[in-house]
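Coordinates in review
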Amino acid sequence: MQINSIVCIKQVPDTTQVRIDPDSGSLIRQGIPSVINPYDLYALEAALKVRDSHGGTITALSMGPPQADEALKKAIGYGVDRAVLLSDRAFAGADTLATTYTLSAAIRKIAGELTAAGAAGIDMVFCGKQSIDGDTGQVGPGLARRLDLSQVTYVCSLLEVDAETRTVRAWRQREDGRELLEARLPVAVTITEACNPIRYAALPDLLWAAKAPVEVWSAGVLEVEPDRLGLKGSPTRVSKVFAPPARERGETLSGPDRPPNEIAAALFDKLAERGLVIGGSSG
Amino acid sequence: MPVGSGDVWVVVEQEGGRAEPVSWELMGEAAALARELGVRPAAVILGSTGRQLSRTAFSSGAEVAYLVEHPDLEPYTADPHCQALVELAEKFSPQIILLGATTRGRDLASAAATELETGLTADCTRLDIDTTKKLLRQTRPAFGGNVMATIITPHHLPQIATVRPGVFTAPQPVEGVSGETVVLKPHIKAAATAVKQLQFAPNPNTGVTLNGAKVIVAGGRGLKAGRNFALLEELAAELGGEVGASRGAVDAGWISQHRQVGQTGQTVRPVLYFAVGISGAVQHLAGMQESDVIVAINNDPEAPIFEVADYGIVGDLFDVMPAMIGEVKQRKLAAGGEASPALLKQGGGMRTKTGAGGGSE
Ligand SMILES: Cc1cc2nc3c(=O)[nH]c(=O)nc-3n(C[C@H](O)[C@H](O)[C@H](O)COP(=O)(O)OP(=O)(O)OC[C@H]3O[C@@H](n4cnc5c(N)ncnc54)[C@H](O)[C@@H]3O)c2cc1C
Ligand SMILES: Cc1cc2nc3c(=O)[nH]c(=O)nc-3n(C[C@H](O)[C@H](O)[C@H](O)COP(=O)(O)OP(=O)(O)OC[C@H]3O[C@@H](n4cnc5c(N)ncnc54)[C@H](O)[C@@H]3O)c2cc1C
C-alpha cells in the first residue's frame, strides 16, 4: 500500500538578523533573506524516506506571501510530487489557530483530489518541530486535532511505517529521555533535528525546479469561512514587540600586566560582593 | 466579549505521581494572578496519582485541585489528555490555563487550544494582568530571542499560555493548608488511544542537567581539544555546576551534544555562566543571555561575547582557567571545608518574580 503525505513548509526570515527598529519599535524585516524553516527540511527528508520504501506521493504545502513559492520550488528540487502555496491577503496575520484552520482546509482539498483519483487520501502529515520565527511548535498538533490524526510530536527517529497494520513507530524526544510510540495512520508527526538531514539535491533538479510550477491557491478555492482566516480568525493579538532588554557590557577584569591569579581573585571578590559566593579570599 | 470570572488553572505535569518542578513554579504564579483577578488558583492533575500531588498543589498555593482520573491518562499521550482537559475546561470555564513549555506541555496545550478554539501563547517568560481590561499579558521571546512580543487573547476564553521552565520561582511550600478537591472521571473516546507508548528510554547520561544548573562552565573552540575540557570540568565540579559547550566545540567532536547551549541546543538561565573560548555568536547568545551573571574568558578583545558579559577577562584561557580553579579551592579551604559548595544555595536574587525578558514599562 502506498503512503500519501503532506509536508508543511514555512518560509522564515533568517532570524538571526531580525531586529527591532529602535525608533518605531517595529520589526525590521526588510532586506532579510528568507530561508526554508530548517526543521522543515528534516520533515521533508522523513517524508521522502517513507516514499522511498512505500511509494505514494508527497505534496509540499505552505501558507505565505507570493515569494514563499521559492521555498516550495526548493522542495520540488528535492523531489516532492506537488507543491501548493496558499497565498491570499485574507490569510495574513494568522496566529496558529487560524494557520491550522487554513492549512487543514487545504489538506482536506488535497486529500479529496487524491481519493477522486482513486487513491486512499492522506496518510501522513509532516511538520517541523517548530519554526525559527514564531517558534511556537503549535501548528503540528493543531493540524492533528483539526484533521483527526494521531499526534506524535518531537520525533527524533521515525521508524518503519507498516502499511499492512496501518501504523507507524517513532521515537519521541522528551526532556527526560525518549519514548517509542506506535501510532495509527493517518498521523501528524513533527520532526526534530535528530532525524536525518535532507538528502543532496542534484543541481539539474534544482535548476529544473526553479522553473517548475507551484500551484497558488487563494481563499476562494478552499472551503473556509472568511471570518476564521488570517488576523480576523486569530484569537491572539501581538500587543507590542520590543527588543529584549540589552545586557550591558560589564567590567573588564584583565589588564595588560595583571597576572591570572589576581584576575581570578578579583572576579571572586566581585561575585562575593553580589552575594553569589561565600566569603573573601584567603590570599 | 466575555471578561472571565473563572479561575486560574495550572495543568500539573506529572507521571507516576512525580511532578515536574515547572508545575509548582506556575502554581505560585497562578496564585498571584488569581489574587489580582479576585478568583481562585487551581491545580489540574491528570492521571491516577492519588492525593499526594494535590497536597503539594495546596501547599504551593492552589485553592482547588481537580483530580482527573482515567486509565488512559497514563502514560501520557496527547489525545486522551486533550479530551480530558477540554471536558474539564468546558465544564468549569477557567479564564486562564497555564502549562509548562515542555515537550509535553506544548503538545497538550496546542491540541487543547485547538479544540477549545482559543488563543495559545507559547513559551512565555513573563505574565501579568492588564488590570483595566482584566486580560493576561503574555510576554515571550520570538525570532530566536532577538525580539520580545507581548501577546493578548482579548476575546476568547480560556486564555492559554505555556511558560518556560525556570522563569518563575516555586513558592516555599506552606504546610498544613488544604483546599477543595474535585474528583472527576472524564469520558475518553476509544479512538483517543490511537497512539500507544511501547517503550521509554531514559536519558543515558543522567548527569547532564543544564536546565536546572546554578553554575555552567561552557567551553568553545578556543579549548583547542576535547581533553582540555578537563579544565572546565574541574571548575564546574568545584562550584557544584555543569559543563556546557558551544556548537563549535560540539561539532568538533570534543563534547556531547547534550551539553550544547544555544538556539539549537539548550536554553539555560544559571546564576553564573562562564563562557570560555566562546566567541559569542548570536545563536549561542540565544541560549544563555538570560543568565544572571556572565563571565567571559577570551583572548580576542573584540569577541562579541564581551558585549553581554558582566565580567570580561581578555586573556589566554590556558592561563586564566588554572588560576580560577586555584582561587576557588583556596576560598573553599578558607571557608572551612572542601565539601562545602562555593556558591550560596539561594544565590542570585537578581531574578525578579516576573522573570527575565520583561519589557520596559
Ligand atoms: C513575534 C511573534 C510571536 C508570535 N507568537 C504567537 C503565539 O504565541 N501564539 C500563536 O498562536 N501565534 C503566534 N505567532 C503567530 C505565528 O508565528 C503564526 O501563526 C505562524 O503562522 C505559525 O506559527 P509558528 O511560526 O509558531 O509555527 P510552528 O508551530 O512553530 O511551526 C511548526 C511547523 O508547522 C508548519 N508550519 C508553520 N507555519 C506554516 C505555514 N505558514 N505554512 C506551512 N507550514 C507551516 C511547519 O512544518 C513548521 O515547521 C507569533 C508571531 C510573531 C511574529
Ligand atoms: C542555524 C544555526 C544554529 C546554531 N545553533 C548554535 C547553538 O545552539 N549553539 C552554539 O553555540 N552555536 C550555534 N551555532 C553556531 C554559531 O554560529 C557559531 O558558529 C558557534 O557558536 C561558534 O562556536 P565557538 O564560539 O566555540 O567558536 P568560534 O567562533 O571559533 O570561537 C572561538 C573563540 O575562542 C577564542 N579563543 C581561541 N583560543 C583561545 C585561548 N587560548 N584563550 C581564550 N580564548 C581563545 C577565540 O578568540 C574565539 O572567540 C548555530 C549556527 C547556525 C547557523
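Structure: above.
So, here's what we can say about the structure.

Calculation criteria
- Residues numbered from 1 in each chain as written.
- Chains lettered and ligands numbered in written order.
- Predicted model: local features only at pLDDT ≥ 70, side-chain atom pairs only at ≥ 80, totals over all residues.
- Heavy atoms only, no water.
- Helix = DSSP H or I, 4+ residues; strand = E, 2+ residues; numbered from the N terminus.
- Contact = heavy atoms within 4.5 Å.
- Salt bridge = Lys/Arg side-chain N within 4 Å of Asp/Glu carboxyl O.
- Near = heavy atom within 4 Å.
- Polar contact = N/O pair within 3.5 Å; in protein donor to acceptor, adjacent residues only side chain to side chain.
- Areas by Shrake-Rupley, 256 points an atom, 1.4 Å probe, with all protein chains shown as cover.
- Buried area = accessible area lost by both parts, 1.4 Å probe.
- Pairing = 2+ DSSP bridges.
- Core = buried A, V, L, I, M, F, W, Y, C linked by side-chain atoms within 4.5 Å.
- Buried < 20%, exposed > 50% of the residue type's maximum accessible area, 1.4 Å probe, protein only.
- Axes fitted to C-alpha atoms, helices over the stretch in contact; angles between N-to-C directions.
- Parallel < 35°, antiparallel > 145°, perpendicular 65-115°, else oblique.
- Left-handed = near helix turned anticlockwise from the far one by under 90°.
- Nonpolar A, V, L, I, M, F, W, Y, C, P; charged D, E, K, R; others polar.
- Phe/Tyr/Trp six-rings, centres within 6.5 Å; stacked < 30°, edge-to-face > 60°.

1. What about the environment of Ile325(B)?
Residue and element names in this part refer to chain B.
- With respect to the secondary-structure elements, Ile 325 resides in helix H9 (residues 317-334).
- Between the C-alpha atoms of Ile 325 and Ala 236, which are 89 residues apart in sequence, the distance is 9.1 Å.
- Apart from residues no more than four positions distant in its own chain, Ile 325 is found in contact with Leu 231, Glu 234 and Leu 235.

2. Here we look at the pattern of salt bridges
- Scanning all chains against the criterion turns up 39 salt bridges over all chains.
- A salt bridge links Lys109(A) to Glu113(A), with the nearest nitrogen and oxygen atoms 3.5 Å apart. In this pair, Lys109(A) and Glu113(A) both sit in helix H3 (residues 96-116), four residues apart, roughly one turn of the helix.
- Salt bridges sharing partners connect three or more residues here, namely Arg172(A), Arg174(A), Asp176(A), Glu179(A), Glu15(B) and Asp107(B).

3. Brief notes about the site of ligand 2
Residue and element names in this part refer to chain B.
- In the vicinity of ligand 2 lie 26 residues, with Lys 224, Ser 246, Thr 264, Ser 279 and Asn 298 positioned nearest.
- A distance of 3.5 Å is found between an oxygen atom of ligand 2 and a backbone nitrogen or oxygen belonging to Gly 248.
- Measuring from an oxygen atom of ligand 2, one finds a backbone N or O atom of Gln 263 at 3.0 Å.
- Taking 990 Å² as the accessible area of ligand 2 by itself, protein coverage stands at 75%.
- Broken down by secondary-structure element, the contributors of at least two residues to the shell around ligand 2 are helix H6 (247-251), helix H7 (282-288) and H9.

4. Some details on the side chain of Asn228(B)
Residues and elements named next belong to chain B.
- With respect to the element layout, Asn 228 can be found in the loop between strand E14 (215-219) and helix H5 (229-239).
- Polar side-chain contacts of Asn 228 include one of 2.6 Å to the backbone oxygen of Leu 223.
- Not counting residues within four places of it along the chain, the set of residues in contact with Asn 228 comprises Leu 223 and Phe 318.

5. Quick look at the interface of chain A and chain B
- Facing the 85 residues of chain A at the interface are 94 residues of chain B.
- Of the roughly 7400 Å² buried between chain A and chain B, counting both surfaces, carbon and sulfur atoms make up 54%.
- Contact with chain B buries area across many residues of chain A, yet Arg145(A), Arg247(A) and Leu276(A) alone supply 10% of it, more than any other trio.
- Summed over the shared surface of chain A and chain B, the number is eight salt bridges.
- With its nearest N and O atoms 2.8 Å apart, the salt bridge here joins Glu117(B) to Arg228(A).
- Going through the elements one at a time, strand E3 (19-20), helix H4 (139-147), strand E9 (150-162), strand E10 (167-174), strand E11 (177-184), strand E14 (237-242), strand E15 (251-252) and helix H6 (260-273) of chain A are the ones with two or more residues in the side of chain A that touches chain B.
- If one sorts the elements of the side of chain A that touches chain B by residue count, H6(A) sits on top with eleven residues.
- Where E11(A) meets strand E13 (residues 195-202) of chain B, seven bridges bridge the pair, whose relative direction is antiparallel.

6. Some thoughts on the nonpolar core
- Judged by nonpolar contacts, the single largest core of 41 residues is most densely connected at Met124(A), Phe126(A), Val152(A) and Leu158(A).
- Looking at this core element by element, the count peaks at six residues for helix H1 (residues 38-54) of chain A.
- Those residues in contact with Val152(A) that sit more than four places away from it in its chain are Ala170(A), Leu181(A), Ala183(A), Val187(A), Ala188(A), Val189(A), Thr190(A) and Val195(B).
- Ala249(B), Ile255(B), Leu317(B) and Val328(B) belong to the second largest nonpolar core, which has 38 residues in total.

7. Examining the packing of H3(A) against H4(A)
Residues and elements named next belong to chain A.
- In contact at an axis separation of 9 Å, H3 and H4 are set at 55° when each is read in the N-to-C sense. One element, H3, and the other, H4, form an angle in the oblique class. As H3 runs across H4, the sense of the crossing is right-handed. Mapping the contact onto sequence places Thr 96, Leu 97, Thr 99, Thr 100, Tyr 101, Leu 103, Ser 104, Ile 107 and Arg 108 in H3 and Val 139, Gly 142, Leu 143, Arg 146 and Leu 147 in H4.
- Class assignment for the residues of the contact of H3 with H4 results in seven nonpolar, five polar and two charged.

8. Notes on the side chain of Ser104(A)
- As for its position among the elements, Ser104(A) is in helix H3.
- Here the side chain of Ser104(A) touches Thr100(A) through a polar contact of 2.7 Å, landing on its backbone oxygen.

9. Brief notes about the packing of helix H3 (residues 78-92) of chain B against helix H4 (residues 103-116) of chain B
Residue and element names in this part refer to chain B.
- H4 packs onto H3 with a crossing angle of 50° between their chain directions and a minimal axis gap of 9 Å. Relative to H4, the element H3 is oriented oblique. Between H3 and H4 lies a crossing whose hand is right-handed. Every residue of H4 that contacts H3 at Ala 78, His 81, Cys 82, Leu 85, Val 86, Ala 89 and Glu 90 is listed here: Arg 104, Asp 107, Leu 108, Ala 111, Ala 112, Glu 115 and Leu 116.
- Taken together, the residues that form the contact of H3 with H4 break down as nine nonpolar, one polar and four charged.

10. Overview of H5(B)
- What H5(B) keeps buried is the set Phe229(B), Leu231(B), Leu232(B), Leu235(B), Ala236(B), Glu238(B) and Leu239(B).
- Downstream of H5(B) by a residue or two, Gly240(B) has a phi angle that is positive, lying close to 70°.

11. Observations concerning the site of ligand 1
- Lys10(A), Asp40(A), Ser131(A), Thr136(A) and Arg140(B) are the nearest of the 32 residues found near ligand 1.
- Surrounding ligand 1 is a set of residues that belongs to chains A and B.
- Thr96(A) has a polar side-chain atom sitting 2.7 Å from an oxygen atom of ligand 1.
- Within the backbone of Leu120(B), one N or O atom sits 2.8 Å away from a nitrogen atom of ligand 1.

12. Some points on the packing of aromatic side chains
Residue and element names in this part refer to chain B.
- Counted according to the given criterion, the structure contains two aromatic pairs over all chains.
- For the ring pair Trp 9 and Tyr 66, a centre distance of 5.1 Å and an interplane angle of 50° mean the geometry is tilted. Note that Trp 9 is positioned in strand E1 (residues 8-12) and Tyr 66 in strand E5 (residues 64-68), a separation of 57 residues in sequence. Considered together, Trp 9 and Tyr 66 belong to a single accessibility category, that of buried residues.
- Judged by centre distance (4.8 Å) and plane angle (45°), the rings of Tyr 66 and Phe 92 are tilted. In this pair, Tyr 66 sits in strand E5 while Phe 92 sits in helix H3, placing the two residues 26 residues apart along the sequence.
- Feature note: the residues Trp 9, Tyr 66 and Phe 92 constitute an aromatic cluster, connected by ring pairs.

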